[in-house]
Amino acid sequence: MNNAQYLELFIEESRDHLQNINKNLLLLEQYPDEPEVINEVFRSAHTIKGIAGSMEFNATTRIAHSVENILDNVRSGNLKLTPEIIDVLFECLDYLESLLQDIINYGEERRNDHSALVSKLETYAFSAPADDNSGLPDKTGIEQFAIDQYQEHIIREAIRNGFNVYYIQVSLQETCLMKAARAYIVFKTIEEYGEIILSQPSVQDIEEEKFDFSFSVIIVTKSEKENIENDIKRISEIKSVHIGDFDENELQKTVLEHHKKQETEKNAVKEQKNLNEGMIRTPAKSIRVDIEKLDSLMNLVSELIIIKNRIQDIRYNESNEGLDESVEYLGRVTNNLHDAVMKVRMVPLQMVFDRFPRIVRDLSRNAGKEIRLNITGAETEIDRTIIDEIGDPLIHLIRNAIDHGIELPHERSQAGKPGTGSIELKAYHDGDSVVIEIIDDGRGIDVEKILSHAVELNMITPEEADNLSLQEAFQFIFEPGFSTAEKVTDISGRGVGMDVVKTKIESLGGTVDIVSQKGSGTRFIIRLPLSLSIIQALLTNIGEEIYAVPISAIKEIMDIPYSDIKMLHNKEVVDYRGMLIPFIRLDKLLECPVGQPEVTNGYVTAVIASKGERLAALSVGNLVGQYEIVIKTLGKALSGIKIVSGATILGDGQIALILDINHII
Amino acid sequence: MERVTQKPYNESSENQQFVVFDIDGKIYGINILLTESIERMHRITRVPKSPSEITGVINLRGDIVPLLCMRKILGYKDKGYTDLTRIIIVQFEEYRIGLIVDQVHDVLTVPSDDIQLSMDELTEKEKVYISGIINMNEQPLMLIDIPKTLEKINIIDKQGV
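**Topic: the overall build of chain B**
Moving on, step 1. In terms of helices and strands, chain B carries 3 helices and 10 strands.
Moving on, step 2. When contacts within chain B are restricted to residue pairs at least 6 apart in sequence, those whose partners lie at least 24 apart make up 58%.
Moving on, step 3. Summed over its atoms, the accessible surface of chain B is roughly 8400 Å², and 46% of this surface lies on carbon and sulfur atoms.

Below, the structure written as structure tokens:
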């Protein structure tokens, strides 16, 4: 079975299950007695064991098996879940992760140093004393079956017609790796004798291995039970078989009981649900699709939009009612298609956020700090390509918050704060962007220190330092090599990193802002576009050329009287709602061969553009209009050009460059 | 266009093919393996703050392709475009660019042995961009070194401006 195709499947599934284990182990730390959480870890470990076994990844199988045993012992009450055991489980998880990494990199398990871990595991993973009906309800008779009235009818008919009705309970050996397959063989064998009326758990659950080691069926047959029993016993990996007669008198009682049970179960389920709200996520129905296939689908949609824009342009020249309607309809359909494809590409931020509780737990332990991580809005969805890129910058910011932000417990109590620090991770939609905030209640950023450091490094003069706004001063921490940390730890403080964070986020078309108050904490606000490939943009003439400005960066478009443009520190500024903002002449900045003509009526059209909190007025020529544009890259040869972020093809085939507001403001 | 050196077919010598084009009356060649297509002139969009050798970008059937002006690179005066002006689309590693040339002739097959690597007759400017010479009837055919050209005008490994 060592086949590349299965390998990929194995990696994907293992990754999901490892993440699931990680998440639930963290929950277990807080709620060590929650059976549903234990079961969840157990199931994931079990699945990993199963699939690794079939791929012959022996180390993975071994460790996963031990994890399973530990949890089984916890579940059966033979072992109390202590923090030490959870640590060991985390250790196993890390080891499984590194084994998976080996498998991803080399296609096989390279590490061979698990003997220490295994011996540690032995202490806890002792096999539970043999228990014939482990995992089964205590009842062994027909009471265990949930018989409904239809099945009751069949059973009665069968008995009246002289058939034998038996219930069969089969237990598999605990070493059995492919339980579903084994159960299938048992089912096949039983079916040779008669018809299976009912199975407990359901056939579907058995196929999906959602059972422990035993299952029961009710069978209608003409054969004697001894024959069936012997046949089943011949199948390997069967621990025990128990066949009993079905008592008709008990039937009525069981059916009634079943009804009652259903009622109480419903209530119980409700309670359980309330308890587990937000803890256990039922997997949604989904399929895995190669991201490249989605990319090509997206490209086709992009082409469609370009053609649609082109037809729209033609329509303006020759008016025709039927054509107008069709074009509008085409427009609606392409918009919907675009939305649908975009949604397919969207994944919840949960995929990234799930890694953080563990990181915070480990890092805060190492730093000797107590930190509570609070995540909200993990269900916020964002384009898949962004998800893949955003993890590292976020981890960096969280590390910074732990290392530099949050103080040691005694420092916190001196400052009159609660001993446990808090880091809040918040995600939400805001118009066409997704906002991620990282908020800590630590010591905050010392602006004075940043400014004096910037002066020391000759980045600014002392006079300039006095004139900087808070927001501008904070921006220095994004400069390469800028660190005010007094000591360098292995987590952070080397002055590399923050500039990488900023570059990364800006390369995704996003922005980072900082709000911080010395003594009470820091808040990083990251704003990212929903999607990278198709955006709404304002097309405008500049000189004789045409450029696109992303709508997401535009606050407002206004006519400014020339007389309002003032000079400040040799730079042009205008007054915008009581705030002096830079006035940038785009035709000069873009070195247009034909400049923007001086307007006669004394007004200039300006786009008020924003980069996070910073604003600027950009002078533009005639506005062409708002369009949905498809972003194309300029190719690697022009990757050094920062002032434009890409290009788009207009309806007539002409190219309009997309201005990168982040690099203009 | 005919080959001068009609060497007898030699098994040890592999043949190479070149796209032959004109710049200011001189003839140049590009290894055909690097070329993708030859296009007529397109509408060019200027890219601000780009190196002066980059004329702009074109829409090549839905893809954005930057253009290099070969006249400028080889040190000739700009003389505008004519009906004969062509764009040779070349693909080198991840770089896909178009070269604007005065005129494209045909494809020439030459045994590798005929390529001279000595460059004594070349001007200083030419030496930078030429990787070899093939002697033709009237004048030498100069082979453009694409990787070196891209490096020279700072396209390769350009980090920020």
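**Observations concerning the confidence of the model for chain A**
Residue and element names in this part refer to chain A.
Moving on, step 1. Chain-level statistics for chain A give a pLDDT mean of 80 and a share of 87% at 70 or above.
Moving on, step 2. Averaged pLDDT values over the elements of chain A bottom out at 60 in helix α10 (residues 248-276) and peak at 93 in strand β22 (residues 655-659).
Moving on, step 3. Within the model, the stretch residues 275-281 combines pLDDT values under 50 with 13 contacts to residues more than four positions away or in other chains.
Moving on, step 4. Within the model, pLDDT remains below 50 along residues 486-495, and this stretch shows 22 contacts once partners closer than five positions in the same chain are excluded.

**Structural notes on the packing of aromatic side chains**
Moving on, step 1. Across all of its chains, the model carries 4 aromatic pairs over all chains by this definition.
Moving on, step 2. Ring centres of Phe 187 of chain A and Phe 215 of chain A lie 5.6 Å apart, and the angle between their planes is 35°; this geometry places the pair in the tilted category. Within this pair, whereas Phe 187 of chain A is found in helix α7 (residues 179-191), its partner Phe 215 of chain A is found in strand β3 (residues 214-221), the two being separated by 28 residues in sequence. For the pair shown, Phe 187 of chain A and Phe 215 of chain A are each scored as buried.
Moving on, step 3. Each ring, one from Phe 21 of chain B and one from Tyr 28 of chain B, has its centre 6.1 Å from the other, and the planes form 20°; the classification is stacked. Comparing Phe 21 of chain B with Tyr 28 of chain B, the two get one shared label, buried.
Moving on, step 4. One cation-aromatic arrangement involves Lys 222 of chain A over Phe 163 of chain A; the distance from NZ or CZ to the ring centre is 4.6 Å.

**Here we look at unusual backbone geometry**
Moving on, step 1. A positive phi is found at Glu 591 of chain A, a non-glycine position, where the angle reads about 50°.
Moving on, step 2. Within the secondary structure, Glu 591 of chain A is located in the loop between α21 (586-589) and β18 (603-611).
Moving on, step 3. One non-glycine residue, Glu 93 of chain B, lies in positive phi territory at about 50°.
Moving on, step 4. For Glu 93 of chain B, a relative accessible area of 55% puts it in the exposed group.

**Quick word on α7 of chain A**
Moving on, step 1. In a regular helix each residue adds 1.5 Å, so 13 residues correspond to 18 Å; α7 of chain A covers 18 Å between its end C-alpha atoms and thus fits that length.
Moving on, step 2. Those residues of α7 of chain A that fall on the buried side of the exposure criterion are Lys 179, Ala 180, Arg 182, Ala 183, Val 186, Phe 187, Thr 189 and Ile 190 of chain A.

**As for the interface of chain B and chain A**
Moving on, step 1. Counting from both sides, the interface comprises 23 residues of chain B and, opposite them, 24 residues of chain A.
Moving on, step 2. Counting the surface lost from both chain B and chain A, the interface buries some 2100 Å², and carbon and sulfur atoms represent 63% of this.
Moving on, step 3. Seen at the junction of chain B and chain A, the total is 2 salt bridges.
Moving on, step 4. Lys 636 of chain A is the salt-bridge partner of Glu 94 of chain B, the closest N and O atoms lying 3.1 Å from each other.
Moving on, step 5. The greatest single-element share of the side of chain B that touches chain A, amounting to 4 residues, is contributed by strand β4 (residues 54-60) of chain B.
Moving on, step 6. Partitioned by chemical class, the residues of the side of chain B that touches chain A number 12 nonpolar, 5 polar and 6 charged.

**Re the sheet that holds strand β6 (residues 371-376) of chain A**
Two strands in a sheet stick together by hydrogen bonds in their backbones, pointing the same way (parallel) or opposite ways (antiparallel).
Residues and elements named next belong to chain A.
Moving on, step 1. Judged by pairing direction, the sheet is mixed, and its 5 strands sit side by side in the order β6-β8-β9-β11-β10 without closing on themselves. The open sheet is flanked by β6 and β10 (511-517), the only strands paired with a single partner. Looking at each pair of strands side by side, their axes are set apart by 15° on average, direction ignored.
Moving on, step 2. Pairing between strand β9 (residues 433-440) and strand β11 (residues 521-529): 8 bridges, direction antiparallel. The residue of β11 that forms the bridge with Val 435 is Arg 527.
Moving on, step 3. Across the sheet, helix α15 (residues 384-405) lies against β6, β8 (421-430), β9 and β11, angled at about 20° from β9, the strand it touches most.

**Looking at the environment of Thr 605 of chain A**
Residue and element names in this part refer to chain A.
Moving on, step 1. Turning to its location among the elements, Thr 605 is positioned in strand β18.
Moving on, step 2. The spatial distance from the C-alpha of Thr 605 to the C-alpha of Ala 617 is 9.3 Å, given a sequence separation of 12 residues.
Moving on, step 3. Discounting chain neighbours no more than four positions away, the residues touching Thr 605 are Ile 557, Met 558, Asp 559, Leu 618, Ser 619, Val 620, Gly 621 and Leu 623.
Moving on, step 4. Polar side-chain contacts of Thr 605 include one of 3.1 Å to the side chain of Asp 559.

**Details of the nonpolar core**
Moving on, step 1. Counting 69 residues, the largest nonpolar core has Leu 586, Leu 657 and Leu 659 of chain A together with Phe 21, Tyr 28 and Ile 144 of chain B as the members making the most contacts within it.
Moving on, step 2. If sequence neighbours within four positions are ignored, Ile 144 of chain B has contacts with Phe 21, Tyr 28, Gly 29, Ile 30, Met 70, Leu 74, Tyr 129, Ile 130, Ser 131 and Thr 149 of chain B.
Moving on, step 3. In terms of nonpolar packing, the next biggest core, distinct from the first, is built from 50 residues, Val 347, Phe 353, Ile 477 and Val 512 of chain A among them.

**Points about the packing of helix α3 (residues 58-75) of chain A against helix α5 (residues 115-124) of chain A**
Residues and elements named next belong to chain A.
Moving on, step 1. In contact at an axis separation of 9 Å, α3 and α5 are set at 20° when each is read in the N-to-C sense. Considering their axes alone, α3 and α5 lie roughly parallel with respect to each other. Considering only the axes of α3 and α5, their crossing is left-handed. Residues Arg 62, Ile 63, Ser 66, Ile 70 and Asn 73 of α3 form the contact with α5, whose participating residues are Leu 117, Val 118, Leu 121, Glu 122 and Tyr 124.
Moving on, step 2. Class assignment for the residues of the contact of α3 with α5 results in 6 nonpolar, 2 polar and 2 charged.

**A word on helix α2 (residues 35-54) of chain A**
Residues lying three or four places apart along an α-helix face the same way, a consequence of the helix completing one turn every 3.6 residues.
Residue and element names in this part refer to chain A.
Moving on, step 1. Its 20 residues place the ends of α2 28 Å apart at the C-alpha level, agreeing with the 28 Å of an ideal helix rising 1.5 Å per residue.
Moving on, step 2. Counting buried positions along α2 yields 14 of 20 residues, so the element is predominantly enclosed.
Moving on, step 3. Positioned one or two residues after α2, Glu 56 has a phi angle of 65°, which is positive.

**Brief notes about the sheet that holds β22 of chain A**
Residue and element names in this part refer to chain A.
Moving on, step 1. The 5 strands lie next to each other as β20-β12-β13-β22-β21, forming an open sheet whose pairing is mixed. A strand with exactly one partner marks an edge of an open sheet, and here the two such strands are β20 (623-630) and β21 (644-649). Each adjacent strand pair in this sheet contributes to an overall mean axis angle of 35°, direction not counted.
Moving on, step 2. Relative to β22, strand β13 (residues 545-550) runs parallel, the two being bridged by 2 bridges. Paired with Tyr 547 across the two strands is Leu 657, which belongs to β22.

**Comments concerning the environment of Asp 499 of chain A**
Residues and elements named next belong to chain A.
Moving on, step 1. Here Asp 499 is to be found in helix α20 (residues 498-507).
Moving on, step 2. Note on Asp 499: relative accessible area 17%, which makes it buried.
Moving on, step 3. Residues within four places of Asp 499 in sequence aside, it is in contact with Phe 478, Glu 479 and Pro 480.

**With respect to the confidence of the model for chain B**
Moving on, step 1. Scored by pLDDT, chain B comes out at a mean of 82, with 87% of its residues at no less than 70.
Moving on, step 2. Contacts from residues 1-12 of chain B, a stretch scored under 50 in pLDDT, to residues over four places away or in other chains number 16 contacts.

**Brief notes about the packing of helix α14 (residues 356-367) of chain A against α15 of chain A**
Angle between the axes and distance between the axes: these two values describe a pair of packed helices.
All names here are of chain A.
Moving on, step 1. Packing of α14 against α15 brings their axes to within 11 Å, and their N-to-C directions diverge by 30°. One way to sum up the angle between α14 and α15 is to call them roughly parallel. Our pair here, α14 against α15, has a crossing hand that is right-handed. Counted together, Phe 356, Ile 359, Val 360, Leu 363 and Ser 364 of α14 and Gly 391, Leu 394, Ile 395, Ile 398, Arg 399 and Ile 402 of α15 form the full contact between these two elements.
Moving on, step 2. Looking at the contact of α14 with α15 residue by residue, the classes come out as 8 nonpolar, 2 polar and 1 charged.

**Some remarks on the pairing of β8 of chain A**
All names here are of chain A.
Moving on, step 1. When β6 meets β8, the two strands line up parallel, connected through 6 bridges. For Ile 375, the partnering residue across the bridge sits in β8 and is Leu 425.
Moving on, step 2. Linking β8 back to β9 in an antiparallel pair, the connection comprises 2 residues, with Gly 431 at a positive phi of about 60°.

**Comments concerning the side chain of Lys 502 of chain A**
Moving on, step 1. Here Lys 502 of chain A shows up in helix α20.
Moving on, step 2. There is no salt bridge for the buried Lys 502 of chain A, and the closest opposite charge comes from Glu 506 of chain A, which lies 4.0 Å off by N-O distance.

Rules used in this analysis
- Residues numbered from 1 in each chain as written.
- Chains lettered and ligands numbered in written order.
- Predicted model: local features only at pLDDT ≥ 70, side-chain atom pairs only at ≥ 80, totals over all residues.
- Heavy atoms only, no water.
- Helix = DSSP H or I, 4+ residues; strand = E, 2+ residues; numbered from the N terminus.
- Contact = heavy atoms within 4.5 Å.
- Areas by Shrake-Rupley, 256 points an atom, 1.4 Å probe, with all protein chains shown as cover.
- pLDDT = per-residue confidence, 0-100.
- Phe/Tyr/Trp six-rings, centres within 6.5 Å; stacked < 30°, edge-to-face > 60°.
- Buried < 20%, exposed > 50% of the residue type's maximum accessible area, 1.4 Å probe, protein only.
- Lys NZ or Arg CZ within 6 Å of the ring centre and 35° of its normal.
- Expected span 1.5 Å × (residues − 1).
- Buried area = accessible area lost by both parts, 1.4 Å probe.
- Salt bridge = Lys/Arg side-chain N within 4 Å of Asp/Glu carboxyl O.
- Nonpolar A, V, L, I, M, F, W, Y, C, P; charged D, E, K, R; others polar.
- Pairing = 2+ DSSP bridges.
- Axes fitted to C-alpha atoms, helices over the stretch in contact; angles between N-to-C directions.
- Polar contact = N/O pair within 3.5 Å; in protein donor to acceptor, adjacent residues only side chain to side chain.
- Core = buried A, V, L, I, M, F, W, Y, C linked by side-chain atoms within 4.5 Å.
- Parallel < 35°, antiparallel > 145°, perpendicular 65-115°, else oblique.
- Left-handed = near helix turned anticlockwise from the far one by under 90°.
- Lys, Arg positive; Asp, Glu negative; His and termini not counted.

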